[in-house]
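Observations on the three-dimensional arrangement
Here is how the chains run, residue by residue.
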2 protein chains.
Amino acid sequence: MSSSASKRPNPRRPGEFELIARHFTRKPRHPGVVVGVGDDCTLLSPTPGYQLAVSVDTSVAGVHFPLDAPAQAIGHRVLAVSLSDLAAVGARPRWCLMSLTLSDANDDWLAAFARGFDALCRRSQVDLVGGDVTKGQLAVGVTVHGEVPPGEALLRSGARAGDALFVTGCLGGGQGGLKAWQAGERDLAHPLLAAYLLPEPRLAAGQALRGLASAAIDISDGLLADLGHICHASQLGAELDEAALPLCEGLVECLGEKDAMRAALTGGDEYELLVSLPKAAQKEARERLSVLGLSLTHIGVLSSRPGIRGVSASHAPGWQHFGTDQSGEAS
Amino acid sequence: MSSSASKRPNPRRPGEFELIARHFTRKPRHPGVVVGVGDDCTLLSPTPGYQLAVSVDTSVAGVHFPLDAPAQAIGHRVLAVSLSDLAAVGARPRWCLMSLTLSDANDDWLAAFARGFDALCRRSQVDLVGGDVTKGQLAVGVTVHGEVPPGEALLRSGARAGDALFVTGCLGGGQGGLKAWQAGERDLAHPLLAAYLLPEPRLAAGQALRGLASAAIDISDGLLADLGHICHASQLGAELDEAALPLCEGLVECLGEKDAMRAALTGGDEYELLVSLPKAAQKEARERLSVLGLSLTHIGVLSSRPGIRGVSASHAPGWQHFGTDQSGEAS
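Residues numbered from 1 in each chain as written. Chains lettered and ligands numbered in written order. Predicted model: local features only at pLDDT ≥ 70, side-chain atom pairs only at ≥ 80, totals over all residues. Heavy atoms only, no water.

Per an unreviewed UniProt entry, chain A goes by Thiamine-monophosphate kinase and derives from Pistricoccus aurantiacus. Looking at the Sequence similarities (unreviewed entry) heading of the UniProt record, one finds this comment for chain A: "Belongs to the thiamine-monophosphate kinase family." Quoted verbatim from the Function (unreviewed entry) field of UniProt, the annotation for chain A is "Catalyzes the ATP-dependent phosphorylation of thiamine-monophosphate (TMP) to form thiamine-pyrophosphate (TPP), the active form of vitamin B1." (UniProt positions renumbered as here; feature names shortened; annotations may be inferred.)

As structure tokens, then:
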């Protein structure tokens, strides 16, 4: 981790270097790190012959997570949303870097945050190999690096007309958990709250679906918006079976029937995988995910006819930060 | 570039996807990008047998650059500070990702910002291959990837007692330029203002010094602080020759003699390289940098005696965001 110069020195202690060292400097647990935290750059040895999958996601307090969410959950969540992109392409996670922007340097908060982050690093076999700390509104950017054999990455663009659409796990957890949080729920064992604050990147599932799925995406913008990305990239349309959507347990009780369906269709922050599977691959895909203890639900089919059909109400697609129009373009 | 879900939809147009597409989607100019902007991950083909050098730096408005600085300069600067880390290890730049946090989506501002960013990409032979856009206080995180032959990266830890200390270019430009900006100077042709807002990452110099320099660092925290990092990593001390420091032209006129020296010693945001060179390598190093039109000034020597000597006044080392104590530890 490095620091960058600020024009406004702050007399508080401890200093940034000490703070970083205390909470974020850990020996790499896996091979491939030639020089880790502590120089101008991290030096890595990519696996010969593999492609490198890279993604970055920034989580802003008050936008992507509540400012007063438990620090340990925030630490988990900021890494999970980035790892979810590696899951979507079927890459094996290797390394991450963290850009931490802090309004204050609260030692207890940082310790809990680092615990949440590190626990998911450990489970995902990822090493934190660099980053920086700056002062400002609380926000965390995480760049993740994974590896995938050439030609085997799951892309949005590989789907064919007739391929069936499947989704892992259940839908609506992100919106349901947010509602539960807003209603005062604070128990992280609450399934909807856990889905929202402690999402589980589907890393094993993504890798298991390599060679089977024709296209894949993680549902971060909402099912309809992300299906739109697959349709756009693959130049297809889709027929959804609304009645087949696997709503998360407790979602209807939490949101009511109508809003539960809306959450499943348009709520972001799901971090489940939406995949297309040719008929011949469906049985094997179900079996591989069953071994992982993860459900795979058939929710529709892709067709050569443009547009998304089978959605009863006019549900707006996933939120955007700077507008509500939705071109369906992934850019 | 991807987006992440916000809980607060914003009715303004244009939408985020369109905005990203318009300003930041460009075809890669160089080989190695298998899948660029537009999927969950970027897929890259690292050069076989090379090590990957990675670094991230986040620049926050009002901390690292003035909020009202020209957007084109901000676009240049946020990339330059990250590339400077690749320069410091002598890596050849390849790819970058951008995390853009915006309080608003002003089309003109974004166009100018993208122009500044892209111009430096082009000159540095870097492709922008991914990123994300979120809503919040204006901040830009840039992750850069470079490549370096195994064992040839310039590290902070390689210096030996007796090696001489050299610095590229001139010192104090960062602080001098900030002062000029605060005094109302707005002409980017002003050399100090240019040093502050349009720093030039020493990429060619870093690569030219591979095989010659025993240690290197870019001066982002201030000369004394960054020399401290080399000393700590190499377990050495140093004797500085204060009179030899190459102050930037106009610095004394801008800051006065005392503050000019203080700026050269402790001002951050220099982005010059501080390198150690064994005697046998000095002539060749000077020649290689002379070819690049860059000066290399002898400013001291490393010794086995701990501590940094030769500094007349008690100059505080580089700023820290959360404290003023300085352990000298790079972590």
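Now that the structure has been shown, the text picks up again.
Our next topic: the overall build of chain A. Along the backbone of chain A there are 10 helices and 13 strands. Counting over 331 residues, chain A shows a buried share of 64%. For chain A, restricting intrachain contacts to residue pairs at least 6 apart in sequence, the fraction spanning at least 24 positions comes to 85%. Carbon and sulfur atoms make up 51% of the accessible area of chain A, which amounts to about 11700 Å² in all. (Helix = DSSP H or I, 4+ residues; strand = E, 2+ residues; numbered from the N terminus. Buried < 20%, exposed > 50% of the residue type's maximum accessible area, 1.4 Å probe, protein only. Contact = heavy atoms within 4.5 Å. Areas by Shrake-Rupley, 256 points an atom, 1.4 Å probe, with all protein chains shown as cover.)

Per the counting criterion, the structure on display carries 24 salt bridges over all chains. Linking D40 of chain A and R156 of chain B is a salt bridge whose minimum nitrogen-to-oxygen distance equals 3.4 Å. Placement of D40 of chain A in the loop between β2 (33-35) and β3 (42-44) and of R156 of chain B in the loop between β7 (139-148) and β8 (164-168) is noted, with the two residues assigned to different chains. Among the residues examined, D40 of chain A registers a relative accessible area of 4% and is labelled buried. Residue class for R156 of chain B comes out buried when judged on its relative accessible area of 6%. Linking E287 of chain B and K283 of chain B is a salt bridge whose minimum nitrogen-to-oxygen distance equals 3.2 Å. Here E287 of chain B pairs with K283 of chain B, and both are found in helix α10 (residues 282-291), just 4 residues apart, close to one helical turn. Take K283 of chain B: its relative accessible area is 61%, and that puts it in the exposed class. (Salt bridge = Lys/Arg side-chain N within 4 Å of Asp/Glu carboxyl O.)

This paragraph deals with the sheet that holds strand β8 (residues 164-168) of chain A. Across a sheet, paired strands are connected by hydrogen bonds in the backbone, their directions being either parallel or antiparallel. Residue and element names in this part refer to chain A. Strand order in the open sheet formed by 6 strands is β9-β11-β8-β12-β10-β13, and the pairing between neighbours is mixed. Of all strands in the sheet, those bounded by a partner on one side alone are β9 (215-218) and β13 (308-309). Relative to strand β11 (residues 273-277), β8 runs antiparallel, the two sharing 4 bridges. Looking at the pairing, L165 lines up with S276 of β11. Together, β9 and β11 form the strand contacts of helix α2 (residues 71-89), whose direction differs from that of β9 by roughly 170°. (Pairing = 2+ DSSP bridges. Axes fitted to C-alpha atoms, helices over the stretch in contact; angles between N-to-C directions.)

Residue and element names in this part refer to chain A. Following the criterion strictly, the structure yields 6 aromatic pairs over all chains and no others. Ring geometry for F24 versus F113: centroids 6.2 Å apart, planes at 75°, classification edge-to-face. With F24 in helix α1 (residues 16-24) and F113 in helix α3 (residues 107-124), this residue pair connects regions lying 89 residues apart in the sequence. Judged on exposure class, the residue F24 and its partner F113 are both buried. Through pairs of rings, three or more aromatic residues link up here, namely F24, W109, F113 and F117. A cation sits over an aromatic face here: R186 above W181, 3.4 Å from the ring centre. (Phe/Tyr/Trp six-rings, centres within 6.5 Å; stacked < 30°, edge-to-face > 60°. Lys NZ or Arg CZ within 6 Å of the ring centre and 35° of its normal.)

Moving on, we come to empty space enclosed by the protein. A full pass over the atoms with the stated rule returns 8 cavities of 30 Å³ or more. Here the largest cavity defines a volume of roughly 200 Å³. In terms of lining, the largest cavity is formed by 26 residues, of which the most central are T58 and T101 of chain A together with T58, T101 and A139 of chain B. Residue assignment for the lining of the largest cavity shows that the elements contributing at least two residues are β4 (51-60), β5 (92-102) and β7 (139-148) of chain A together with β4 (51-60), β5 (92-102) and β7 of chain B. Grouping the constituent residues of the lining of the largest cavity by class yields 13 nonpolar, 13 polar and no charged. (1 Å grid on protein atoms, 1.4 Å probe; cavity = no way out; pocket = protein on both sides within 12 Å on 5 of 7 lines; lining within 4 Å. Points joined across faces, edges and corners; volume = space filled by probe spheres on them. Nonpolar A, V, L, I, M, F, W, Y, C, P; charged D, E, K, R; others polar.)

Residue and element names in this part refer to chain A. The tally for this structure, following the rule as stated, stands at 2 disulfides over all chains. Here C170 connects covalently by a disulfide to C248, the sulfurs 2.0 Å from one another. Torsion about the S-S bond of the C170 and C248 cystine: about 85°, corresponding to right-handed handedness. Taken together, the residues C170 in the loop between β8 and α4 (173-182) and C248 in the loop between β10 (237-240) and α8 (251-255) connect sequence positions 78 residues apart. (Disulfide = S-S within 2.5 Å.)

As annotated by UniProt and renumbered to match this structure, "binding site: Mg(2+) 4" (unreviewed entry) occupies D40, S55 and D85 of chain A. Beyond its immediate chain neighbours, meaning those up to four positions away, D40 of chain A contacts S55, D85, A88, V89, R156, A216, I217 and D218 of chain B. Summarising the element assignment, D85 of chain A is placed in helix α2. Those residues in contact with D85 of chain A that sit more than four places away from it in its chain are S55, D57 and D218 of chain A together with D40 and C41 of chain B.

On to the pairing of strand β6 (residues 127-135) of chain B. Across the 9 residues that make up β6 of chain B, a large majority, 9, are buried. Note that the unit made of β5 of chain B, helix α3 (residues 107-124) of chain B and β6 of chain B has a crossover that is right-handed. (Right-handed = clockwise from strand over helix to strand, strands pointing away.)

Residue and element names in this part refer to chain A. Of the positions making up helix α10 (residues 279-291), those classed as buried are A281, Q282, A285 and L289. Looking at the buried side of α10, the elements it contacts are β8, α6 (203-208), β11 and β12 (296-303). Just beyond α10, the residue with positive phi is G293, at close to 75°.

All names here are of chain A. As a packed pair, α2 and α3 sit with axes 6 Å apart at the nearest point and diverge in direction by 40°. Compared by their axis directions, α2 and α3 come out oblique. Considering only the axes of α2 and α3, their crossing is right-handed. Counted together, A71, Q72, I74, G75, H76, V78, L79, A80 and L83 of α2 and W109, A112, F113, R115, G116, F117, L120, C121, R123 and S124 of α3 form the full contact between these two elements. Of the residues that constitute the contact of α2 with α3, the class distribution is 12 nonpolar, 5 polar and 2 charged. (Parallel < 35°, antiparallel > 145°, perpendicular 65-115°, else oblique. Left-handed = near helix turned anticlockwise from the far one by under 90°.)

Read from one edge of the open sheet, 6 strands run β9-β11-β8-β12-β10-β13 (chain B), paired in mixed fashion. Looking at which strands have only one partner, the edges of the open sheet turn out to be β9 (215-218) and β13 (308-309) of chain B.

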